[in-house]
Structures are given as C-alpha cells and as structure tokens.
Amino acid sequence: MLRRGIFFAHRELNWLLDEYDKGNKFYLYTGRAPSGGMTLGHLIPFLLSKWLQDKFDVELYIQIPDEEKFLAKKNIKDIEEIRKIAYDNVLDIIALGFDPKKTKIFLDTEYASVLYKQACRVAKHITFSTLKDAFGMNNDSNIGWIFYTSMQAVPAFLKSVEEGHNVPCLIPLAIDQDVHFRVARDVIDKLGYYKPAILEGKFLPGLNGASKMSSSDLNSAIYLSDDHETVIKKVNKALTGQQATVELQKKYGGDPEKCMVCQYYKYLFEPDDEKLEKIFEAERNGTLLAGEHKRDLANRINTFLDEHKKMREKMKSRIDEFIVRA
C-alpha cells in the first residue's frame with residue numbers, strides 16, 4: 001500500500017519517525033463509524049494499522065464513534081441499533097489478527113467518562129463558524145453532531161494524558177477524514193500535546209468504477225459477509241478496462257488503470273509487485289481476457305473472506321479482551 005501509493009500523503013511522518021529513532025515510541029489511532037456491515041474498502045486503514053503495529057511493536061487505539069452515526073443520520077431512530085452494528089464491526093476488525101495486549105477498542109457511548117472531559121478541552125477552542133466551514137453544518141444541524149469532532153480528536157492525545165508526558169501519535173485514515181484532523185491538530189497543539197502525524201489513504205474504488213466502494217450501492221461493494229456466489233456475481237459485473245469484444249481486446253488491449261479487476265489486485269489481492277505488473281501488462285497487450293481475469297479475482301476474494309469468517313468466529317469469545325469501558 002505504501003509502495004503503490006494507496007497511502008499517498010502524510011502530515012509530519014518524518015518527524016514521528018525521527019522521534020521513534022530517538023526512543024520516543026509512538027502509538028497508533030484509527031477508527032470506524034458504524035453505519036452497517038463492513039466492506040473490503042473499510043479494511044484498508046486497519047490492514048495498514050495491523051502492519052504498523054507488528055513492525056513497530058506499538059499500541060493501537062481504535063475509536064468506534066457509535067454516537068456519530070446516530071446524530072448525523074436522520075433515518076436512525078434508536079442508538080441501540082447503532083450499538084449492535086458497532087459490535088458486529090468490532091468482530092470484523094479483530095478478525096484481522098490484532099494483538100489484544102496492544103489494542104484498545106472503545107465505543108464512545110461506553111467510554112464517555114474518559115473521553116468527555118478531554119473533548120470539552122478541545123471543544124472550547126473550536127468555533128461553530130469553523131465547523132460550518134469544515135463540514136458544511138448549518139443552523140439546522142443538531143448540537144450533538146456539532147460537538148462530535150471534539151470527541152474524535154481525543155484519542156489523538158489520550159495516551160499522552162494517560163502517560164503524563166507527550167507521546168507521538170500516528171493516524172492511518174481514509175482521505176475523507178482529514179478534515180477532522182486539520183481542525184483537531186491546531187487545537188491539540190494549543191493544549192500542549194504533539195500534533196498527531198497522519199497517513200492518508202485512497203478509497204478502494206467501487207466495482208462499478210466509482211472512486212469509492214459505496215456500502216449504499218450493494219453491487220459496487222464486496223461485503224465481508226458476502227457468500228461465494230454473491231462475490232462471483234458482483235465481480236462478473238465489474239467494470240473492466242477492456243475492449244467491447246474479444247477480437248478488439250486481443251488487437252488493441254485494455255487499460256488496467258480503468259479496470260476495477262486490476263485495481264483490486266493492486267489494492268489488496270496481489271502483494272507481489274512483479275506479478276502485479278504482469279497482470280497489468282497482460283491487460284494492456286490483450287492477452288488476458290475478462291472472463292479468466294474475473295474468475296481468478298473472485299477466487300482470491302472468496303479465499304480471503306473464508307479465512308476472515310473463520311477468524312471472526314474464533315474471536316467472538318475474545319471480544320472483551322479488546323474492548324475497554326469506563
């Protein structure tokens with residue numbers, strides 16, 4: 001993901017790594033807003049966080065802002081509905097193999113007595129005018145939603161509060177979350193803590209060619225709960241960069257940058273760079289046809305999902321090893 005530019009930008013990563021070299025160990029923070037079942041696209045920040053946790057032997061804080069979706073979505077009437085989704089999402093996250101001794105997961109509504117005090121310190125420095133400019137809020141926005149970004153800022157300095165000294169924080173996130181931390185970084189600095197470093201990632205595109213795999217479009221997204229047949233059907237409908245007919249594809253070749261099958265190999269399903277380039281070249285020169293291309297990807301996705309579902313079942317009895325509550 002780093003080599004291929006899927007995580008393509010950063011804020012102060014060099015500073016954070018310099019601190020690490022000095023012996024000032026950082027921690028990781030990322031999160032998941034629970035609005036429904038998780039897709040492959042939702043896993044990307046967590047997969048990078050898992051790699052970073054293993055490589056640097058660091059702690060990870062995962063915030064589950066269950067109140068945010070309740071406050072922001074008019075169609076959600078019961079916050080308990082969100083809580084059930086949140087715990088289902090937590091299972092999908094810990095199935096990736098995080099170390100329970102170094103991973104703390106918390107729902108905002110269950111950890112509020114820890115988060116709220118610090119969120120108030122953040123909120124005092126953020127004006128409504130700033131939030132309207134950053135998030136498009138207006139006078140009809142409910143006051144809970146307006147306050148939410150203060151809660152999201154807290155885990156970026158929470159370990160510094162807990163330890164009693166400044167601890168660097170690194171946040172792997174999808175680019176749409178950057179706006180929260182543009183606001184939060186300035187405030188955290190005013191509170192006397194290190195600004196968090198940020199690693200910014202691209203979205204996994206939708207199978208239909210959309211720039212982001214959308215959970216609201218069932219056919220554009222692969223859900224972690226999808227069965228084999230569903231995956232095959234969805235992949236078979238995926239947009240490719242190939243020509244309209246087999247003859248034209250063999251003659252002119254296709255465009256792997258426009259082919260969602262190629263992009264899924266690039267993002268998740270072919271870690272070997274040399275093998276990936278061979279797939280891309282076969283698309284360009286017309287030797288790889290859509291049918292075999294899609295069959296292979298569907299098989300790889302199903303293999304991944306089968307293993308994930310097995311791990312998810314195993315982790316059901318261990319969820320409390322990860323969840324922290326106040």
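Please refer to the structure placed before this passage.
The structure presented is a predicted model; accordingly, all values stated were derived computationally and were not measured. (Residues numbered from 1 in each chain as written. Predicted model: local features only at pLDDT ≥ 70, side-chain atom pairs only at ≥ 80, totals over all residues. Heavy atoms only, no water.)

Chemist: Is there a simple way to think about the layout of surface pockets in this case?
Modeler: Which parts of space are left empty comes out when a probe the size of a water molecule is rolled across the atoms. Considering only enclosed or pocket space, the largest pocket measures out at about 1100 Å³ in volume. Lining the largest pocket we find 45 residues, and of these Arg32, Ala33, Asp176, Gln177 and Lys212 sit closest to its centre. Counting only elements with at least two residues in the lining of the largest pocket, the list comes to β2 (27-31), α2 (44-56), α3 (66-72), α7 (143-153), β5 (169-174) and α9 (178-190). Empty space within the second largest pocket amounts to approximately 520 Å³. Residue lining of the second largest pocket: 18 residues in total, with Met1, Arg3, Tyr267, Leu268 and Pro271 positioned closest to the centre. Those elements that provide at least two residues to the lining of the second largest pocket are α2 and α12 (260-269). The element contributing the most residues to the lining of the second largest pocket is α12, with 5 residues. By residue class, the composition of the lining of the second largest pocket is 14 nonpolar, no polar and 4 charged. (1 Å grid on protein atoms, 1.4 Å probe; cavity = no way out; pocket = protein on both sides within 12 Å on 5 of 7 lines; lining within 4 Å. Points joined across faces, edges and corners; volume = space filled by probe spheres on them. Helix = DSSP H or I, 4+ residues; strand = E, 2+ residues; numbered from the N terminus. Nonpolar A, V, L, I, M, F, W, Y, C, P; charged D, E, K, R; others polar.)

Chemist: Honestly, the side chain of threonine 240 in this entry has me stumped. Any pointers?
Modeler: Its location among the elements puts threonine 240 in the loop between α10 (228-236) and α11 (246-252). The exposure class of threonine 240 is buried, given its relative accessible area of 19%. Dropping the residues within four chain positions of it, threonine 240 is found in contact with Lys258, Cys259, Met260, Val261, Ala290 and Lys294. (Buried < 20%, exposed > 50% of the residue type's maximum accessible area, 1.4 Å probe, protein only. Contact = heavy atoms within 4.5 Å.)

Chemist: Explain the pattern of salt bridges here, please?
Modeler: Charged atoms that come close allow side chains of opposite charge to pair. Overall, the coordinates contain 30 salt bridges when judged by the stated rule. Ionic pairing is found between aspartate 57 and lysine 25, a salt bridge with its closest N-O pair at 3.5 Å. Separated by 32 residues along the polypeptide, aspartate 57 in the loop between α2 and β3 (60-64) and lysine 25 in the loop between α1 (13-21) and β2 bring together distant segments of the chain. Under the relative-accessibility criterion, lysine 25 is labelled partly exposed at 37%. (Salt bridge = Lys/Arg side-chain N within 4 Å of Asp/Glu carboxyl O.)

Chemist: Mind showing me how you'd approach the packing of α10 against helix α14 (residues 290-315) here?
Modeler: Each pair of packed helices can be described by the angle between their axes along with the distance between the axes. In contact at an axis separation of 9 Å, α10 and α14 are set at 145° when each is read in the N-to-C sense. As for how α10 packs across α14, the hand of that crossing is right-handed. Between α10 and α14, the contacting residues are His228, Val231, Ile232, Val235 and Asn236 on the first element and Lys294, Leu297, Ala298, Ile301, Asn302, Leu305 and Asp306 on the second. Class assignment of the residues belonging to the contact of α10 with α14 gives a composition of 7 nonpolar, 3 polar and 2 charged. (Axes fitted to C-alpha atoms, helices over the stretch in contact; angles between N-to-C directions. Left-handed = near helix turned anticlockwise from the far one by under 90°.)

Chemist: What is the right way to look at the packing of helix α6 (residues 128-135) against α9 in this model?
Modeler: It is at 10 Å that the axes of α6 and α9 come closest, and there the two elements cross at 155°. What the angle tells us is that α6 and α9 run roughly antiparallel. The hand of the α6/α9 crossing is right-handed. Residues Thr130, Ala134 and Phe135 of α6 touch α9, and the partners they reach there are Val179, His180 and Val183. Residues of the contact of α6 with α9, tallied by class, amount to 4 nonpolar, 2 polar and no charged. (Parallel < 35°, antiparallel > 145°, perpendicular 65-115°, else oblique.)

Chemist: Any chance you could explain the sheet that holds strand β4 (residues 103-107) here in plain terms?
Modeler: Sheets are built from strands that pair by backbone hydrogen bonding, the pairs being arranged parallel or antiparallel. Pairing within the open sheet is mixed, and its 6 strands lie in the order β1-β6-β5-β2-β3-β4. Taken across any chain shown, the strands that pair with only one partner, and hence form the sheet edges, are β1 (7-11) and β4. Across this sheet, the average inter-strand angle for adjacent strands is 20°, counted without regard to direction. By the bridge criterion, 2 bridges tie β2 to β5 in an arrangement that is parallel. Bridging from a neighbouring strand, leucine 28 pairs with leucine 170 of β5. Sheet contacts for helix α4 (residues 79-94): β3 and β4; angle to β4, the most-contacted strand, approximately 165°. (Pairing = 2+ DSSP bridges.)

Chemist: Honestly, the environment of leucine 204 in this entry has me stumped. Any pointers?
Modeler: Inspection of the secondary structure assignment puts leucine 204 in the loop between β6 (197-201) and α10. For leucine 204, a relative accessible area of 2% puts it in the buried group. Taking the C-alpha atoms as reference points, leucine 204 and lysine 266, separated by 62 residues in sequence, lie 9.9 Å from one another. The contact partners of leucine 204, leaving out residues within four places of it in the chain, are Leu40, Gly41, Ile44, Ser211, Lys212, Met213, Tyr264, Tyr267 and Leu268.

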